[in-house]
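Chains, contacts and geometry: an overview
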Amino acid sequence: NWINNASIWDLQDWTYERIFSITDTTWLKDPSVVEIYLVFDGIKMAADITLNSYYLGVALDQFLRYSYPVRALLVGGENQLTVSFAANDKRIDPE
């Protein structure tokens, strides 16, 4: 039973944070750049995704691709991406 075979990844919350800088902002104002997407190919289930404190969504299935339009959220200077993973015991009831 996969519920009883918990690993450290399943028993506690995890948060991935990455701060990245955009120093050249000319492309942010370039009308030929229609959209910029943040894409996840295979991300652990129940991952909440935020960029610069804006909630993008939740990845509910680790076998799907998730794509979020982020051009309007990007800023010159520092940007912060946060992906939070809830422990399995907070997401499912084994009963």
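These notes cover the structure that comes with them. In this text the structure is predicted, and so the values were computed from the model without any measurement.

What follows concerns the nonpolar core. Counting 19 residues, the largest nonpolar core has I43, I49 and V83 as the members making the most contacts within it. Among all residues touching V83, those that are not within four sequence positions of it are W14, T15, Y16, F40, I43, A47, D48 and I49.

Sheet analysis places strand β3 (residues 47–51) next to strand β4 (residues 54–59), joined by five bridges and oriented antiparallel. When the bridges of β4 are listed, L51 appears paired with Y54. Here β3 hands over to β4 after two residues, with N52 in that stretch at a positive phi of 50°.

This brings us to the environment of I22. For I22, the position within the fold is in strand β1 (residues 14–22). Here the alpha-carbon distance between I22 and G76, two residues 54 residues apart in the chain, equals 5.1 Å. Leave out the neighbours within four places in its chain, and I22 touches W27, L28, L74, V75, G76, G77 and N79.

What counts as what
- Residues numbered from 1 in each chain as written.
- Predicted model: local features only at pLDDT ≥ 70, side-chain atom pairs only at ≥ 80, totals over all residues.
- Heavy atoms only, no water.
- Core = buried A, V, L, I, M, F, W, Y, C linked by side-chain atoms within 4.5 Å.
- Buried < 20%, exposed > 50% of the residue type's maximum accessible area, 1.4 Å probe, protein only.
- Contact = heavy atoms within 4.5 Å.
- Pairing = 2+ DSSP bridges.
- Helix = DSSP H or I, 4+ residues; strand = E, 2+ residues; numbered from the N terminus.

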